[in-house]
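If you want the building blocks of each chain, they are given just below.
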Amino acid sequence: MFFTMLYDKFDSLKEQQLQIMDKDGKIIRKDLMPKLSNDDLKKIYYYMVLGRAADQKAMNLQRQGRMGTFAPVYGQEAQVASAYALQQGDWVVPAFREHALTLVRGMPLKNFYLYYMGNEIGSVVPEDTRILPVSVPVGSHPIHAVGIAWASKIKKEKTVAITYLGDGATSEGEFHEAMNFAGVMKAPVIFYCQNNHWAISVPRSIQTASKTIAQKAVAYGFPGIQIDGNDIFAVYAATKEAVDRARNGGGPYFIEAVTYRFGPHTTADDPTKYRDEKEVEYWKQRCPVMRLRKYMANLGIWDDKQEKKLLEKVDKEVEKAVEESEKTPIATVDNVFDYTFAQLTPQLAEQKTYLKKVQDEKKARTQK
Amino acid sequence: MVKTTLLEAINKALHYEMGRDSSVVMLGEDVGKEGGVFRATEGLQQKYGAERVVDTPLAEAGIVGSAIGMAINGLRPVCEIQFFGFIYPAMNQIINHASRMRTRSRGLYTCPLVIRTPYGIGIKALEHHSESTESYFIHTPGLKVVIPSTASDAYGLLVSAIRDPDPVLFLEPTKLYRAFKEEVPIDKSGEYTIPLGKARTMQEGMDCTLISWGAMVKECEKAAELLAKEEIFPEIIDLRTVSPIDTDAILKSVKKTGRAVVVQEAPRTLGLSSEISALIMEKAMMDLQAPVIRVTSFDIVPPLPKAEHYYAPDPYRIYRGVKKVLEY
């Protein structure tokens, strides 16, 4: 039998997983290698390294009390390659562990820091990024990607929507409604599930009795594929196939990217309490950043000098973003009221006036 | 325009907006071929096609959630939830997403969508078909809640709700769907709008202010007939929009009459009548001749049809409330 699509070659019901590059950075399926130039690889690598550096800095800031709780992307940086497969005008509907990939789409790094420092100004997103705000209620946002994609279809536009979710999200009812709507409406939407094995302290085995998460797509009438989520070639190839297929009217596509979070769920939990260090070590041997670096080194396009230079550049970018974020004034009273509705209601206008007056009075009292 | 029922007015308003604006789409269970279980969307799919009038899978969160995505991507979806008692699976979408997308994106992404749903007692229906739980939604920042009580208001408010830049929950009193016929003052093209957030004085009076909304407005009018026999003339205010409410209209009338009775079909505790009562206390206490009285349903599950008449305010209970504030 001759298969042309990746999801035909790798059957999710048989637990077959797409892997193109092995853990040591060697290409094991040359026939499936996606077209990525050396420049593309360096760009992808840059965003992965930037994402990791941004994350580590954020962790330090959080420990110092300069930043609030956030969900580190550490270990899942191969997500960058999925965003790399999108085109201008495509929509990204994230959960809350996607800050590495949003950088590819033009999200300023400053926004990440501002938002998790608790400053509303961090939610001011450049219009052409088409990235929806972080969505914290788990599993409730994929349906928005379905609606966005469905609207593109109605408007006869060639844009697609991709939504990111975790393994835990696949237990939520709204996730299943999203999958069902996507299938019925044949919406040009891609579900990218980052199966990082842990929903806070609950392992993947407790989320579902399915052998793979990808196989759930089969029940909803569209393809699902399990991939090595730490292999940027597998990530890019699968997402590219999904995006091209959706853009050409093929409908939805589900990708289960098997990955691992090296750090905690958020800065508020301690993973040593619920998981084995050996497991973490196993996955660290499969680190997505290290694998791409090894591959590029073997290819002769990357050396220690370039690595050092890149780390310096990335550190500077991170420092600059943090500095700018900390300098940004906090949201004003107007700012927290004025986006409730297009126009302030009389009630909100009254409440805002009151709050301003109280703020002024408090100020006057402390100055006395 | 010929006289129409409240239900026909809704259908005509939907036809008008779909004809006027190609970004308006309709989605819900049975809204297409069937034209809705009450026929509110009748003829729409035949006229505007199955791509714009969509029979969806049976999933409320899916309906509202996908409408959120559609609204973000430039459409103006109007969702139908078959009965208000079935809206709860969609509450996460309404509260956590639709009503806060503007805030969360600092105005970049908005949700101009309408969720229409029939509510309230009076059609002798099964359990879960008689709810009046608007307070859950009034409590939600970023969401508007509208309830018409006449055919012309239903038309004018629905057109305004569809054009509103923010999400609107549009509650339709099933009891009044086919209760009367009334002229809707549309112009030649079909245009007729009523601004959201503005109350309507249904009847002027001097002795007491009756404040209500939805199906209870009619009960207030019937109570006024009883009171008129005793030379008592209440002023009746129909809020029409229950979030945000028309504070000025309430206070102006209460300052004139010095007495207020708030009538709601919702359960008593923490209903909108409690908020209105507090509002009057804070802003017009010195104008009051008597405490504000609330006439409400009870903090119980709406009874099945045979005992339904115990539940919601009726003309006599309203009459009694007015007498109480007058005799204080």
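In this text the structure is predicted, and so the values were computed from the model without any measurement.

How each quantity is defined
Residues numbered from 1 in each chain as written. Chains lettered and ligands numbered in written order. Predicted model: local features only at pLDDT ≥ 70, side-chain atom pairs only at ≥ 80, totals over all residues. Helix = DSSP H or I, 4+ residues; strand = E, 2+ residues; numbered from the N terminus. Rg over C-alpha atoms; globule rule 2.2 N^0.38 Å. Buried ≥ 20, exposed ≤ 12 C-beta atoms within 10 Å, placed from the backbone. Domains from an automatic or database assignment. Pairing = 2+ DSSP bridges. Axes fitted to C-alpha atoms, helices over the stretch in contact; angles between N-to-C directions. Contact = placed C-beta atoms within 7 Å. Parallel < 35°, antiparallel > 145°, perpendicular 65-115°, else oblique. Left-handed = near helix turned anticlockwise from the far one by under 90°. Nonpolar A, V, L, I, M, F, W, Y, C, P; charged D, E, K, R; others polar. pLDDT = per-residue confidence, 0-100.

Caption draft 1: Molecular detail of the overall build of chain A. Along its length, chain A carries 15 helices and 8 strands. Relative to the globule expectation of 21 Å for 368 residues, the C-alpha radius of gyration of chain A, 22 Å, shows essentially globular dimensions. Seen through its C-alpha atoms, chain A measures out along the principal axes to roughly 80 × 50 × 40 Å. The buried share among the 368 residues of chain A stands at 49%.

Caption draft 2: Up close: the domain arrangement of chain A. Segmentation of chain A into domains returns domain 1 (6-327) and domain 2 (333-367). Put simply, the middle of domain 1 of chain A and the middle of domain 2 of chain A, counted by C-alpha atoms, are 39 Å apart.

Caption draft 3: Here's a closer look at the pairing of strand β4 (residues 76-80) of chain B. Residue and element names in this part refer to chain B. In terms of burial, β4 is largely enclosed, as 5 of its 5 residues are buried. Where burial is concerned, the two faces of β4 agree: the one with R76, V78 and E80 and the one with P77 and C79 are both buried. Note: β4 against strand β5 (residues 114-119), 3 bridges, orientation parallel. Within the sheet, the bridge partner assigned to V78 lies in β5 and is V114.

Caption draft 4: Examining the pairing of strand β8 (residues 253-258) of chain A more closely. Residues and elements named next belong to chain A. Counting buried positions along β8 yields 6 of 6 residues, so the element is predominantly enclosed. Of the two faces of β8, the one lined by Y253, I255 and A257 and the one lined by F254, E256 and V258 are each fully buried. In terms of strand pairing, strand β4 (residues 189-195) meets β8 through 6 bridges, oriented parallel. Its bridge partner being in β8, C193 is matched across the sheet by E256. Where strand β7 (residues 224-228) meets β8, 5 bridges bridge the pair, whose relative direction is parallel. Its bridge partner lying in β8, D228 is registered against V258.

Caption draft 5: Region of the structure containing the sheet that holds strand β11 (residues 234-238) of chain B. All names here are of chain B. The 5 strands are arranged β9-β11-β10-β13-β14 in an open sheet whose pairing can be described as mixed. What marks the edges here is a single partner per strand, and that holds for β9 (200-203) and β14 (293-295). Adjacent strand axes in the sheet meet at a mean angle of 25° when their direction is disregarded. Relative to strand β13 (residues 260-263), strand β10 (residues 208-212) runs parallel, the two being bridged by 3 bridges. Paired with L210 across the two strands is V261, which belongs to β13. Each of β9, β10, β11 and β13 is contacted by helix α8 (residues 216-228), which is oriented at about 175° to β11, the strand it contacts most.

Caption draft 6: Representation of the packing of helix α6 (residues 142-154) of chain A against helix α3 (residues 60-72) of chain B. Taken N-terminus to C-terminus, the directions of α6(A) and α3(B) make an angle of 55°; their axes are 6 Å apart at the nearest point. The angle between α6(A) and α3(B) falls in the class oblique. As for how α6(A) packs across α3(B), the hand of that crossing is right-handed. Touching A:I143, A:H144, A:A145, A:V146, A:G147, A:I148, A:W150 and A:A151 of α6(A) are B:A61, B:G62, B:G65, B:S66, B:A67, B:I68, B:G69, B:M70 and B:I72, all from α3(B).

Caption draft 7: Structural detail: helix α5 (residues 109-116) of chain A. Residues and elements named next belong to chain A. Burial analysis of α5 places 7 of its 8 residues in the buried class, the great majority of the element. For α5, the complete set of buried residues consists of L109, N111, F112, Y113, L114, Y115 and Y116. Along its buried surface, α5 packs onto α2 (38-63), α4 (99-104) and α13 (304-327).

Caption draft 8: Summary view of the interface of chain A and chain B. Across the contact, 33 residues belong to chain A and 35 residues belong to chain B. Those elements giving two or more residues to the side of chain A that touches chain B turn out to be α6, α7 (173-185) and α15 (346-367) of chain A. In terms of residue count, α6(A) provides more of the side of chain A that touches chain B than any other element does, 10 residues in total. Here the residues of the side of chain A that touches chain B are counted per class, giving 19 nonpolar, 10 polar and 4 charged.

Caption draft 9: Expanded view of the confidence of the model for chain B. Residues of chain B with pLDDT of at least 70 account for 100%, and the chain-wide mean is 97. The ipTM for the predicted assembly is 0.96, set against a pTM of 0.97.

Caption draft 10: How the structure looks around unusual backbone geometry. In this structure, B:P244 follows B:S243 across a cis peptide bond, with omega equal to -5°. Along the chain, the position of B:P244 falls in the loop between β12 (241-243) and α9 (247-257). Its identity as a non-glycine residue notwithstanding, A:R130 has a phi of 55°, on the positive side. Examined against the element boundaries, A:R130 turns out to sit in the loop between α5 and α6.

Caption draft 11: Structural context of the packing of α2(A) against α13(A). Residues and elements named next belong to chain A. Interhelical geometry of α2 versus α13 gives an angle of 50° and a closest axis separation of 9 Å. By the angle class used here, α2 and α13 are oblique. Where α2 crosses over α13, the handedness of that crossing is right-handed. For the pair α2 and α13, contact is made by Y46, V49, L50, A53, A54, K57 and L61 and by L310, V314, D315, E317, V318 and V322, respectively. Of the residues in the contact of α2 with α13, the class split is 10 nonpolar, no polar and 3 charged.

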